[in-house]
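# Geometric and topological summary
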Amino acid sequence: MSSTETVDSSTVSRDAIGDYVEAMGPSWIAGAIAAGPATIASLVTAGGAFGYSLLWVVVLSAGAGALAQYLAMRLGLLTERGIVAVVEDNLGETWAWLLVGDAVLAAGVAQLVIMKTVATVSATVTGIDAHIWGVVWALILAAGLAGGGYRFLELAAKVLVLLVVVAFVASLFVVPIDAGAAVTGLIPSVPSGSALVAAGILGGAVHITLITMHSYTMRARGWTREDYDLATVDVGASMLVAFGVYSLAIFLVTASVLTSGDLTTVGAAEALGPLVGDSARWLFLLGLWGAAVSSLGGNTIVPAFLLADKLGWGTTIEDSRYRGLLVAVALLSAPGAFIGGNVLGQLVLVLALGTVGTPFVIALVLYLLNSDAVPESNSPLANVGGLVLIAVSGGLAANFVVEQLGGGVGPLSGFVLAFAVALGLAMAGLGGKFLREELLA
């Protein structure tokens, strides 16, 4: 089946399901990033420190992530353009640069810490120094993405994300799950001290990098509005099903066997060894490694997509300038392997920093989906869902900013505060612009 053929969801048969599986791809890149080490850090901490009590948050995160990707998918398909170009044409160059700066900052900082995670786990598995692995993975990324482009990344993401899901689901068969306690975890509650961890779980699924990249990965696949049904299935299969099962498996395994939330991601993998045997330990390591590698690959293309679109360059490797951006981002990630400190805390910090920029991007998507930029406006239900996403991500961002300011205003907390204030003002301006247009319509 051609990647641009229309698939009628009302006539899906067994053969058609196979065609869907073969054609799917763009949302799996987002799923590969979402199913990354930052999400693992949050899930491991939640399960180890609070048992099954935050299971309801894990379930909620999959639905919220799928909704965010669905809104981004609608904008990309209905405009058949990259999000930066759509913002610039409908809101102006200042808004476009604000979007690019927001997303590139979040993706760039995340790239360094994700590389540290990949290098650390690679060193644990192989015994080779993590610094060497940082350089090796940077070269692999540069050669693979510049040479194979999107198709290389899409294939790698499909395989690795599926392996991650299989690895963690397999762990469930050697870990004793307390079904009764797990059921009680579906009842919403926020135990003392768990608010930030819960925010991290939700923030991993609803993130600025996932939302901004979706229009570009669909364009790279050649999808148009005629592929709406296929794109919807793509979002559901990757974010709701694959990411949802992945998150549940990690959470249930750690909630069953770990007794301390003060763990590094590698320490969590090693802790499973004496508790449930070497098989679970290596399954956990395989899942952690696959998640980190796939997340690193997916995250690499985000800054290149956005910058190339803003500069009017092509967003495929046929354009040498875009290919150069890919290589630059890949190589600049190597220093991440040399960062010291606890990777778990750094991953949570990176996730929280990205969450600060997420409400603004969701607001931009909602504005455009209810403007002349698209041929058909959002449904009331989709708009309500988008507003809920803004409220949830905004709440997570506010919690993070307040925590950073708890110890006074330093370089990091001052930067976070300025970043949050700037984007908050931008959101207020966007909301005011929308209301004025509605009143004058």
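An account of the accompanying structure is given in this report. These figures come from a predicted structure and were not determined experimentally.

This part takes up the packing of aromatic side chains. A complete count under the given rule lists seven aromatic pairs for this structure. Ring geometry for Trp-95 versus Phe-360: centroids 6.3 Å apart, planes at 20 degrees, classification stacked. Here Trp-95 is found in helix 6 (residues 93-126), whereas its partner Phe-360 is found in helix 15 (residues 343-369), with 265 residues between them in sequence. A residue is classified by how much of its surface remains accessible, and Phe-360, at 0% relative accessible area, is buried. Linked through ring pairs, Tyr-216, Phe-305 and Tyr-322 together constitute an aromatic cluster.

So, about the environment of Ser-27. Checked against the element boundaries, Ser-27 lands in helix 2 (residues 26-34). Judged by relative accessible area, Ser-27 falls into the buried class, the value being 0%. Counting along the chain gives 46 residues from Ser-27 to Met-73, while the straight-line C-alpha distance between them is 8.7 Å.

Core analysis: the biggest nonpolar cluster contains 137 residues, and Ile-83, Val-87, Tyr-246 and Phe-251 have the highest contact counts within it. Looking at this core, the element that brings in the most residues is helix 15, giving 17 residues. When neighbours within four sequence positions are excluded, Ile-83 is seen to be in contact with Leu-75, Leu-99, Thr-212, Ser-215, Tyr-216, Leu-306, Asp-309 and Val-365.

Under the counting rule described, the total for this entry stands at seven salt bridges. Close ionic contact of Asp-89 with Arg-81 constitutes a salt bridge, the shortest N to O distance being 2.2 Å. With relative accessibility at 51%, the residue Asp-89 sits in the exposed group. Between Arg-321 and Asp-319 there is a salt bridge; the shortest N-O distance is 2.9 Å. A relative accessible area of 42% places Arg-321 in the partly exposed class. Counted as one network, the salt bridges with shared partners bring together Glu-88, Glu-93 and Lys-310.

Running from N to C, helix 2 and helix 11 (residues 228-257) cross one another at 25 degrees; their axes reach a closest spacing of 7 Å. Between helix 2 and helix 11, the crossing angle belongs to the class labelled roughly parallel. Judged by the sense of rotation from one axis to the other, the crossing of helix 2 with helix 11 is right-handed. Residues Pro-26, Ser-27, Trp-28, Ala-30, Gly-31 and Ala-34 of helix 2 form the contact with helix 11, whose own contacting residues are Asp-234, Val-235, Ala-237, Ser-238, Met-239, Ala-242 and Phe-243.

Another point: the side chain of Thr-117. Turning to its location among the elements, Thr-117 is positioned in helix 6. In terms of polar contacts, Thr-117 uses its side chain to reach the backbone carbonyl oxygen of Val-113, at 3.0 Å.

Here the focus is the side chain of Thr-39. As for its position among the elements, Thr-39 is in helix 3 (residues 37-50). Among the polar contacts listed, one links the side chain of Thr-39 to the backbone oxygen of Ala-34, at a separation of 2.6 Å. Dropping the residues within four chain positions of it, Thr-39 is found in contact with Ala-34, Gly-204, Phe-243 and Tyr-246.

Before going further, it helps to examine the packing of helix 3 against helix 11. Closest axis-to-axis distance for the helix 3/helix 11 pair is 7 Å, and the angle between their directions is 40 degrees. The angle between the axes of helix 3 and helix 11 places the two elements in the oblique class. Along this stretch, helix 3 crosses helix 11, giving a crossing that reads as right-handed. When helix 3 is examined against helix 11, the residues Thr-39, Ile-40, Leu-43, Val-44, Ala-46, Gly-47 and Gly-48 are found in contact with a partner set consisting of Phe-243, Tyr-246, Ser-247, Ile-250, Phe-251, Thr-254 and Ala-255. For the contact of helix 3 with helix 11, a count of residues per class yields nine nonpolar, five polar and no charged.

Positive phi is not limited to glycine here, since Glu-80 has a value of about 55 degrees. As for its position among the elements, Glu-80 is in the loop between helix 4 (55-79) and helix 5 (83-91).

Most of helix 9 (residues 195-205) sits inside the fold, with nine of its eleven residues counted as buried. Every buried residue belonging to helix 9 is among Val-197, Ala-198, Ala-199, Gly-200, Ile-201, Leu-202, Gly-203, Gly-204 and Ala-205, and all of these are buried.

Moving on to helix 4. With 25 residues, helix 4 should reach 36 Å at 1.5 Å per residue; the first-to-last C-alpha distance of 37 Å fits that figure. The buried fraction of helix 4 is high, at 19 of 25 residues. A positive phi of about 55 degrees marks Glu-80, the residue just after helix 4.

Calculation notes
- Residues numbered from 1 in each chain as written.
- Predicted model: local features only at pLDDT ≥ 70, side-chain atom pairs only at ≥ 80, totals over all residues.
- Heavy atoms only, no water.
- Phe/Tyr/Trp six-rings, centres within 6.5 Å; stacked < 30°, edge-to-face > 60°.
- Helix = DSSP H or I, 4+ residues; strand = E, 2+ residues; numbered from the N terminus.
- Buried < 20%, exposed > 50% of the residue type's maximum accessible area, 1.4 Å probe, protein only.
- Core = buried A, V, L, I, M, F, W, Y, C linked by side-chain atoms within 4.5 Å.
- Contact = heavy atoms within 4.5 Å.
- Salt bridge = Lys/Arg side-chain N within 4 Å of Asp/Glu carboxyl O.
- Axes fitted to C-alpha atoms, helices over the stretch in contact; angles between N-to-C directions.
- Parallel < 35°, antiparallel > 145°, perpendicular 65-115°, else oblique.
- Left-handed = near helix turned anticlockwise from the far one by under 90°.
- Polar contact = N/O pair within 3.5 Å; in protein donor to acceptor, adjacent residues only side chain to side chain.
- Nonpolar A, V, L, I, M, F, W, Y, C, P; charged D, E, K, R; others polar.
- Expected span 1.5 Å × (residues − 1).

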